[in-house]
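These are the residues of each chain, in order.
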Amino acid sequence: MTLLYKSDPERGSAWRALFADQAPDIDFRLWPEVGDPAAVRYLAAWAPTPDVYAGLPNLEILFSVGAGVDQLDLSQVPPSVTVVRMIEPGLTDGMVEYAVFATLALHRHMLDYIDAQRQARWQSIRLMPAATRRVGVMGLGVLGQAVLRRLATFGFPLRGWSRSPHVIDGVDCYAGRDQLPDFLGQCDLLICLLPLTPETRGILCRETFDLLPAGAGLINVGRGGHLVESDLLDALDDGRLSGVVLDVLNSEPPPAAHPFWWHRRILLTPHVASMTRSDTGAAALLDNIRRHQAGQPMQGAIRRDLGY
Ligand code: NDP
Ligand code: OXD
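Computed from a prediction, not measured in an experiment: that's the story for all the values here.

Helices and strands together make up the secondary structure of the chain, namely nine helices and twelve strands. Against the compact-globule benchmark of 19 Å for 308 residues, the chain has a radius of gyration of 21 Å, which places it among compact chains. For the chain, the spread of C-alpha atoms along the principal axes amounts to about 65 × 40 × 35 Å. A total of 308 residues make up the chain; the buried ones form 49% of that total. Residue pairs at least 24 apart in sequence account for 62% of intrachain contacts in the chain once pairs closer than 6 positions are excluded. As displayed, the chain offers around 14,800 Å² of accessible surface, 54% of which is attributable to carbon and sulfur atoms.

Pasting the structure below:
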């Protein structure tokens, strides 16, 4: 039984070593050394092209090496293949770390202070207690909930929004489009941790910004496709938004002339909020393979009809 890996080669070598040690019964192959294509039942990859599936007649599971699956063209994945996204503690920890950093950066006016420093201005802004800064998270999945748990320790009043209803201790939960305006109206700081699907594409747009309290902050760690960039620039220009942290963009990297590079109210990072970690990611993959072999449900199997 073969597991074929087709993604970052450095991580692939680390995973192969770990599988050789902990799962010698699994033939771990690094693309392009496929071996017998008929023996490949598992494929771990980021964004394989359709010809890859065509060459693997007995493929059963496609494991995304990342948390998202929007990079896959699901319509091209054979219907018999189960698609599983990555859920692993290292990836979750990284996202929690970044979301806390970005939240505190906006909460503590870091964009203003970076600006002031560049202009040699020593000027303080009145401290706002965390208890008066309402933080809302779009997406109450594995990452959204982990972020909320950690943010709770700072005392921010918390709310969250998802597709289906949730009950989470200490978090005011909203669900569905009908409840979106109520949710947004109480988010001084909005964090997007949604998957990119046809329903969520472009959700960070003018209508959404109009519903936020004036001068709200925004953090997008979901996908660039969630954001309508021109609407964001308008909202920053007229003060509807006061500061933005973006880790993901429609085009990564953005072109040299992209206005976000120099915008004083935007902090940009190159899609590094979190990453699948070699050690914990391999352990999660192996755990899922063992679950599949034992006929148990795997962690992170997606619903293709929903796209996440
Ligand atoms: P999950 O699948 O666990 O959670 C997704 C959440 O989004 C769920 O709460 C779901 O609702 C909600 N959701 C989905 N569709 C809608 C909708 N139409 N309306 C309202 N809510 C919706 O995903 P994760 O938490 O693991 O990951 C989220 C995303 O984070 C990834 O898809 C990826 O895009 C991004 N990411 C970014 C990284 C980076 O470095 N920037 C790294 C890792 C991930 P429900 O609970 O009802 O199903
Ligand atoms: C992911 C990512 O989805 O790195 O894991 O963005």
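Looking now at the pattern of salt bridges. One pass over the full model with this rule turns up 15 salt bridges. In this structure, Glu-60 engages Arg-41 in a salt bridge whose closest nitrogen and oxygen atoms are separated by 2.7 Å. Of the two residues, Glu-60 is situated in the loop between helix H2 (50-54) and strand S4 (61-64) and Arg-41 in strand S3 (residues 40-45); the sequence distance between them amounts to 19 residues. By relative accessible area, which is 27% here, Arg-41 ends up partly exposed. Among the salt bridges present, the one from Arg-291 reaches Asp-287, with a minimum N-O distance of 2.9 Å. Of this pair, Arg-291 and Asp-287 both sit in helix H9 (residues 278-293), separated by four residues, roughly a single helical turn. Classification of Asp-287 as partly exposed rests on a relative accessible area of 35%.

This next bit is on the site of ligand 1. With respect to spatial proximity, 29 residues lie near ligand 1, and among them Arg-85, Leu-140, Ser-164, His-166 and Tyr-308 are the closest. Between a nitrogen atom of ligand 1 and a side-chain N or O atom of Asp-247, the distance comes to 2.9 Å. Compared with its free state, where it exposes 940 Å², ligand 1 has 92% of that area covered by protein. For the shell around ligand 1, the secondary structure elements donating two or more residues are helix H5 (142-152) and strand S7 (158-162). Looking at which element gives the most residues to the shell around ligand 1, the answer is H5, with three residues.

Before going further, it helps to spend a moment on the domain arrangement of the chain. Each assigned domain of the chain is listed with its residue range as follows: domain 1 (2-88 + 276-293) and domain 2 (92-268). Placing the centre of domain 1 and that of domain 2 at their C-alpha centroids yields a distance of 33 Å. At the interface, seven residues of domain 1 touch five residues of domain 2. Summed over both sides, the interface of domain 1 with domain 2 buries roughly 440 Å², with 46% coming from carbon and sulfur. Looking only at domain 1, the three residues that lose the most surface to domain 2 are Asp-70, Ile-87 and Glu-88, adding up to 67% of its buried area. Connecting domain 1 to domain 2 are one salt bridge. Note that Asp-70 is salt-bridged to Arg-223, the shortest N-O span being 2.9 Å. Linking domain 1 with domain 2 are two residue pairs in polar contact (both at pLDDT 80 or more). Looking at the side of domain 1 that touches domain 2, its residues break down into three nonpolar, one polar and three charged.

Of the residues making up helix H4 (residues 110-118), those classed as buried are Leu-111, Asp-115 and Ala-116. All buried residues of H4 project into a common sector of 135° when viewed along the axis, lining one side. Residues of H4 that are buried make contact with helix H3 (89-107), strand S11 (241-246) and strand S12 (266-268). Ala-120 sits one or two residues past H4 and shows a positive phi near 50°.

Formed by 28 residues in total, the largest nonpolar core has its most connected members in Val-147, Leu-151, Ile-191, Leu-193, Ile-219 and Val-221. Contributing elements (two or more residues each) for this core: H3, strand S6 (135-138), H5 and strand S9 (189-192). If you tally residues by element for this core, the top one is H3, at seven residues. Here Leu-151 is in contact with Val-100, Thr-103, Val-135, Phe-156, Leu-158 and Ile-191, once residues within four sequence places are set aside. The next biggest cluster of nonpolar side chains, apart from the first, holds 26 residues, and it includes Leu-180, Leu-227, Ala-235 and Leu-236.

For the pair helix H1 (residues 9-22) and H9, the least separation of the axes is 10 Å and the interaxial angle reads 50°. Taken together, the axes of H1 and H9 are oblique relative to one another. In the crossing of H1 with H9, the sense of the turn from one axis to the other is right-handed. Along the contact surface, H1 presents Arg-11, Ala-14, Trp-15, Leu-18, Phe-19 and Gln-22, while H9 presents Ser-278, Asp-279, Gly-281, Ala-282, Leu-285, Leu-286, Ile-289 and Arg-290. Its residues placed into classes, the contact of H1 with H9 shows eight nonpolar, three polar and three charged.

The rules behind these values
Residues numbered from 1 in each chain as written. Chains lettered and ligands numbered in written order. Predicted model: local features only at pLDDT ≥ 70, side-chain atom pairs only at ≥ 80, totals over all residues. Heavy atoms only, no water. Helix = DSSP H or I, 4+ residues; strand = E, 2+ residues; numbered from the N terminus. Rg over C-alpha atoms; globule rule 2.2 N^0.38 Å. Buried < 20%, exposed > 50% of the residue type's maximum accessible area, 1.4 Å probe, protein only. Contact = heavy atoms within 4.5 Å. Areas by Shrake-Rupley, 256 points an atom, 1.4 Å probe, with all protein chains shown as cover. Salt bridge = Lys/Arg side-chain N within 4 Å of Asp/Glu carboxyl O. Near = heavy atom within 4 Å. Polar contact = N/O pair within 3.5 Å; in protein donor to acceptor, adjacent residues only side chain to side chain. Domains from an automatic or database assignment. Buried area = accessible area lost by both parts, 1.4 Å probe. Nonpolar A, V, L, I, M, F, W, Y, C, P; charged D, E, K, R; others polar. Arc of directions from axis to C-beta. Core = buried A, V, L, I, M, F, W, Y, C linked by side-chain atoms within 4.5 Å. Axes fitted to C-alpha atoms, helices over the stretch in contact; angles between N-to-C directions. Parallel < 35°, antiparallel > 145°, perpendicular 65-115°, else oblique. Left-handed = near helix turned anticlockwise from the far one by under 90°.

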